Each structure stands twice: as C-alpha cells, then as structure tokens.
Amino acid sequence: MNTKDFRKLIRVYFAPKLHELGFMGTDHHFVKTTDNHFIYTLVIQADKSGGSCVMEMGGI
C-alpha cells in the first residue's frame, strides 16, 4: 500500500474516531489538550515503500 492510500485510510476510518475522543488534527498529526493542562500528541508516519508505519505518541 502506498503512502497516499494509507493516509486516506487514516482520514476515513481512524481520524473520525480520534475526533470523537477529543483530538484535533488531520492527515497524520493529532493533538488533544485537557482541562488539567495535559497535552497528548499522536503522529502517524507511513513507510514510503509501503508495508509498515510508525506511530509516535506523547503526553506532557
């Protein structure tokens, strides 16, 4: 699967679920802030050759 198709799957299936959980963002960068000053981040990177991806998650 190429990167363009992978990002389309994120946009169609994964991003709406993240938005339901309070995350903002599109394509492959998402951020959620909370009332208690926490910030959660999620970045999804597809391998340009296809077949794998990396998901970076963080919170401060």
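Residues numbered from 1 in each chain as written. Predicted model: local features only at pLDDT ≥ 70, side-chain atom pairs only at ≥ 80, totals over all residues. Heavy atoms only, no water.

A. Summary view of a nonpolar patch on the surface. A grouping of Met1, Leu9, Val12 and Tyr13 is seen on the molecular surface, where their side chains present a nonpolar patch of about 430 Å² in accessible area. On the secondary structure map, Met1 appears in the segment before helix H1 (3-20). Using a relative accessible area of 57% as the deciding quantity, one classes Met1 as exposed. (Patch = residues over 30% accessible without salt bridge, like charges linked within 9 Å, V, L, I, M, F, W, Y side chains within 5 Å. Areas by Shrake-Rupley, 256 points an atom, 1.4 Å probe, with all protein chains shown as cover. Salt bridge = Lys/Arg side-chain N within 4 Å of Asp/Glu carboxyl O. Helix = DSSP H or I, 4+ residues; strand = E, 2+ residues; numbered from the N terminus. Buried < 20%, exposed > 50% of the residue type's maximum accessible area, 1.4 Å probe, protein only.)

B. The arrangement of the packing of aromatic side chains in detail. A full pass over the atoms with the stated rule returns one aromatic pair. Here Phe38 and Tyr40 contribute two aromatic rings whose centre-to-centre distance is 6.2 Å and whose plane-to-plane angle is 15 degrees, an arrangement assigned as stacked. Accessibility expressed as a relative area gives 35% for Tyr40, which makes it partly exposed. (Phe/Tyr/Trp six-rings, centres within 6.5 Å; stacked < 30°, edge-to-face > 60°.)

C. Representation of the environment of Phe23 within the structure. Note that Phe23 resides in the loop between H1 and strand E1 (24-26). For the pair Phe23 and Ser52, spaced 29 residues apart in sequence, the C-alpha separation works out to 23 Å. What Phe23 contacts, discounting residues up to four positions off in sequence, is Leu18, Phe30, Val31, Lys32 and Tyr40. (Contact = heavy atoms within 4.5 Å.)

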